[in-house]
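# Structure at a glance
Read off the chains here:
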Amino acid sequence: SYSGAVTALNARFAAGVGVYGAVSRGELGVTIAVDERHEIDRAIRFAKGAGLKATLRGANRAGEFAERLSGVGMSVVMAAPALGGPKWHTDSIKSLAEAGVPFAFGLADSSAGASSLRLGASLAVRAGLDRATAWRAITSTAASLAGAGDSVGRLGVGYDADFALWSGDPLSPATRLESVYIDGVLITEGK
């Protein structure tokens, strides 16, 4: 049962042994997969009760809980908006941004390519999300929530030299990929 699982998890976190101890001490992040509203609500209550700074994955409706998420220091990874997608999805994204909840766009399933992230960020901007916040949702914030923010997600000294060059604004659908660099080495050039 749900209550039995929560009781067992709470006991393991209280014991502080192994990965549970590492999570409790903030040495290891935790991601909770959610979908429905009641799952988001339960995850927030569980993380708050256990003192976890968790990330919710799949929480497209997390904006409805933005103030609560902000209050407990949680973050969200959600699907990027899609063409013809529901308005509540972009409203949810804007609510997270307004409440200061860190969020990133992730691939909802393996059939969606990486270009869907850029398109989704562009659609979020068109729906009213700040351009810089949308860009970070597919770069630096995404890297940070994945636990790799100290090496990828932005250009800077000490970061991996993996980047793409675009013909214009990367969030413009008319922009095309010019070239890709991995470890500072040109891997491919656009035509």
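Reference entry: report on the structure contained in this document. (Residues numbered from 1 in each chain as written. Predicted model: local features only at pLDDT ≥ 70, side-chain atom pairs only at ≥ 80, totals over all residues. Heavy atoms only, no water.)

### Some points on the overall build of the protein chain
Going by this rule: Helix and strand assignments come from DSSP, with helices taken as H or I runs of at least 4 residues and strands as E runs of at least 2, each series counted from the N terminus. Exposure is judged per residue with a 1.4 Å probe applied to protein chains only, and the accessible area is read against the type maximum: over 50% gives exposed, under 20% gives buried, and values in between give partly exposed. Here, two residues are considered to be in contact whenever any of their heavy atoms come within 4.5 Å of each other. Using a 1.4 Å probe, the Shrake-Rupley method yields the accessible areas, and only the shown protein chains count as cover for residues. Asp and Glu count as negative and Lys and Arg as positive, but His and the ends of the chain are not part of the count. For this purpose, a charge sits on NZ of Lys, CZ of Arg, CG of Asp or CD of Glu.
Broken down by element type, the protein chain carries eight helices and seven strands. The burial tally for the protein chain puts 32% of its 191 residues in the buried class. Sequence separation of 24 or more characterises 47% of the internal contacts of the protein chain that already satisfy a separation of 6 or more. Surface exposure of the protein chain reaches about 10,700 Å², of which carbon and sulfur atoms provide 54%. Taking the 19 positively charged and 18 negatively charged side chains of the protein chain as two groups, their mean positions are separated by 5 Å.

### Some thoughts on the pairing of strand S7 (residues 185-189)
Worth spelling out the cut-off: In this description, strands pair whenever DSSP reports at least two bridges between them.
In the sheet, strand S6 (residues 177-182) pairs with S7 via four bridges, with the strands oriented antiparallel. Counterpart to Ile 182 in the pairing with S7 is Val 185. In this antiparallel pair of consecutive strands, S6 and S7, the connection spans two residues, and Asp 183 shows a positive phi of 55°.

### Re the pattern of salt bridges
Filter applied, for reference: Take a side-chain nitrogen of Lys or Arg and a carboxyl oxygen of Asp or Glu: if they are within 4 Å of each other, that pair is a salt bridge.
In this structure the tally under the stated criterion is nine salt bridges. For Arg 37, the salt bridge is made with Glu 64, and the minimal N-O distance between the two is 2.6 Å. Of this pair, Arg 37 sits in helix H3 (residues 37-50) while Glu 64 sits in the loop between strand S2 (55-57) and helix H4 (66-72); the two residues are 27 residues apart in sequence, bridging distant segments of the chain. Overall, the relative accessible area of 41% leaves Arg 37 in the partly exposed class. Relative accessible area serves as the criterion here: at 44%, Glu 64 is assigned to the partly exposed category. In this structure, Glu 64 and Arg 61 form a salt bridge, with 3.1 Å as the shortest nitrogen-oxygen distance. Connected via shared salt-bridge partners are Arg 37, Arg 61 and Glu 64.

### Some thoughts on the sheet that holds S7
Just so we agree on the cut-off: Structural elements are reduced to axes, namely lines fitted to C-alpha atoms, with helices fitted over the stretch in contact, and the angle between N-to-C directions of any two is expressed from 0 to 180 degrees.
Across the sheet, three strands lie side by side as S5-S6-S7; this open sheet has antiparallel pairing. Each of the sheet's edge strands pairs with one partner strand only, and the pair in question is strand S5 (163-166) and S7. Pairs of neighbouring strands in the sheet enclose a mean axial angle of 25°, with direction left out of account. Relative to S6, S5 runs antiparallel, the two being bridged by four bridges. Paired with Leu 165 across the two strands is Ser 179, which belongs to S6.

### Some thoughts on helix H6 (residues 115-126)
Inclusion rule: One fewer than the residue count of a helix, multiplied by 1.5 Å, yields its expected span.
For H6, which comprises 12 residues, the first-to-last C-alpha distance of 17 Å matches the rise-based estimate of 16 Å (1.5 Å per residue) to within 8%. Along H6, the residues classified as buried are Leu 117, Arg 118, Gly 120, Ala 121, Ser 122, Leu 123 and Ala 124. On the buried face of H6, the contacting elements are strand S4 (103-106), helix H7 (131-137) and S5. Of the residues flanking the end of H6, it is Gly 128, one or two places downstream, whose phi is positive at about 120°.

### Things to note about the packing of helix H1 (residues 2-15) against H3
Our working definition: Reported orientations rely on four angle classes, namely roughly parallel under 35 degrees, roughly antiparallel over 145, roughly perpendicular from 65 to 115, and oblique for the rest. Each crossing is labelled by how the near helix is turned from the far one, with a counterclockwise turn of less than a right angle marking it left-handed and a clockwise turn marking it right-handed. Each residue is assigned to one of three groups, with Ala, Val, Leu, Ile, Met, Phe, Trp, Tyr, Cys and Pro labelled nonpolar, Asp, Glu, Lys and Arg labelled charged, and all others, Gly among them, labelled polar.
Viewed as axis vectors pointing N to C, H1 and H3 meet at an angle of 25°, and their least axial separation amounts to 11 Å. On the basis of the axis angle, H1 is roughly parallel to H3. Classified by chirality, the crossing of H3 by H1 is right-handed. Between H1 and H3, the residues in contact are Tyr 2, Val 6, Leu 9, Asn 10 and Phe 13 and Arg 42, Phe 46 and Ala 50, respectively. Of the residues that constitute the contact of H1 with H3, the class distribution is six nonpolar, one polar and one charged.

### A few points about the sheet that holds strand S1 (residues 31-33)
In space, the four strands of this open sheet follow the order S1-S2-S3-S4, with parallel pairing throughout. Each edge of the open sheet is held by one strand with a lone partner, namely S1 and S4. Ignoring which end each strand starts from, the neighbouring axes of this sheet average 25° apart. For strand S3 (residues 75-79) and S4, the ladder comprises four bridges, and the chain directions are parallel. The residue of S4 that forms the bridge with Val 77 is Ala 104.

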